[in-house]
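This is what each chain is made of:
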Amino acid sequence: MKKTLIASALLAASVMAQAETAKYQIEPTHTFVTYEIQHFGTSTNRGRFDKKEGSVEIDRAAKTGKVQITFDIASVNTGVDGMNKHLQGEDFFNSAKWPQAKFAGDKFSFDGDKVTAVAGQLTLKDKTAPVTLTAKHFNCYQNPMLKREVCGGDFEATIDRTQWGIDYGLAWGFPKEVKLIIQVEAVRQ
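Definitions and cut-offs
- Residues numbered from 1 in each chain as written.
- Predicted model: local features only at pLDDT ≥ 70, side-chain atom pairs only at ≥ 80, totals over all residues.
- Heavy atoms only, no water.
- Buried < 20%, exposed > 50% of the residue type's maximum accessible area, 1.4 Å probe, protein only.
- Helix = DSSP H or I, 4+ residues; strand = E, 2+ residues; numbered from the N terminus.
- Pairing = 2+ DSSP bridges.
- Disulfide = S-S within 2.5 Å.
- Salt bridge = Lys/Arg side-chain N within 4 Å of Asp/Glu carboxyl O.
- Phe/Tyr/Trp six-rings, centres within 6.5 Å; stacked < 30°, edge-to-face > 60°.

Asks: I tried to follow the pairing of strand S1 (residues 22–26) on my own but got confused; where do I start?
Replies: Side-chain positions along a regular strand alternate between the two faces of the sheet. Along S1, the buried face is formed by Ala22, Tyr24 and Ile26; none of Lys23 and Gln25, which line the opposite face, is buried. Across 3 bridges, S1 lies against strand S11 (residues 177–188) in antiparallel orientation. In the strand pairing of S11, Ile26 is matched with Ala186.

Structure representation (structure tokens):
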């Protein structure tokens, strides 16, 4: 009887440990929020937001999670100063009025232990709309330098920028579709 109680206690502890929500902090030097938009059908304009922060929670046993990534609009970087200033202005993001954007996801899809998609809300220019980020890659590993687990991947979605009131250039043929790419690595806390 005593052995059965001990075995039951160990099994219960094992199940509880597996159902634990793991908390991670975004690692900013390995996390990037970027976008791509076609330029008159000839080339692709790209930019990224250099300042970002956030957190991730994953419960692999329950197949649930939460993610929040906030990025500073004034940190937009295309590699061209004039373009950066234009994007920060009223024609596009209006960073003086709305300095931050945020993605908050709470509906995770899994294939085994791997996250395949995260559905949530993107808030930009004080407007919020649903966005589902699809994982192109996802992995967790034991980081040999940090001696902690790191999880992350490449996530992307194509969004309609007009949902957030960004319609500059539509009359000239710029598309409303923008590819949003979030490359993220987060360190377990």
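Having put the structure on the table, let's press on.
Asks: Before we go on, may I ask you to explain the state of the cysteines in this structure?
Replies: Working definition: the covalent bond between the sulfur atoms of two cysteines is a disulfide. In this structure the tally under the stated criterion is 1 disulfide. Here Cys140 is linked by a disulfide to Cys151, with a sulfur-sulfur distance of 2.0 Å. Judged by the sign of its S-S torsion, about 115°, the cystine formed by Cys140 and Cys151 is right-handed. A residue pair is termed long-range when its members are at least 10 positions apart, and Cys140 in strand S9 (residues 127–143) and Cys151 in strand S10 (residues 148–160) qualify at 11 residues. Take Cys140: its relative accessible area is 22%, and that puts it in the partly exposed class.

Asks: How do you make sense of the pattern of salt bridges when you look at a structure like this?
Replies: Pairing between side chains of opposite charge can happen when the charged atoms of each approach one another. A complete count under the given rule lists 9 salt bridges for this structure. As a salt-bridge pair, Arg188 and Glu20 come within 3.4 Å of each other at their nearest N and O atoms. In this pair, Arg188 sits in strand S11 while Glu20 sits in the loop between helix H1 (2–18) and S1, placing the two residues 168 residues apart along the sequence. You can call Arg188 partly exposed: its relative accessible area is 28%. In this structure, Lys63 and Asp113 form a salt bridge, with 4.0 Å as the shortest nitrogen-oxygen distance. Here Lys63 is found in the loop between strand S4 (52–59) and strand S5 (64–72), whereas its partner Asp113 is found in the loop between strand S7 (100–111) and strand S8 (114–124), with 50 residues between them in sequence. In this structure, a network of salt bridges that share partners links the residues Glu20, Arg60, Glu149 and Arg188.

Asks: Hey, could you run me through the packing of aromatic side chains in this one?
Replies: The relative placement of two aromatic rings is captured by the distance of their centres and the angle of their planes. Applying the stated criterion across every chain, the model contains 9 aromatic pairs. Plain terms: the ring middles of Phe49 and Phe71 are 4.9 Å apart, the flat faces sit at 45° to each other, and that makes the pair tilted. Pair noted here: Phe49 is in strand S3 (residues 43–49) and Phe71 is in strand S5, with a separation of 22 residues, a long-range link. Judged by its relative accessible area of 4%, Phe71 is buried.

Asks: Help me understand the pairing of S3, please; the structure alone is not making it clear to me.
Replies: Across 7 bridges, the pairing between strand S2 (residues 32–39) and S3 is antiparallel. Note that in S3 the partner of Ile37 across the bridge is Asn45. Connecting S2 to the antiparallel partner S3 that follows it, the hairpin turn spans 3 residues, and Phe40 within it adopts a positive phi of roughly 55°. Bridging between S3 and strand S6 (residues 76–77) involves 2 bridges; their strand directions are antiparallel. When the sheet's bridge partners are listed, Arg48 is paired in S6 with Asn77.

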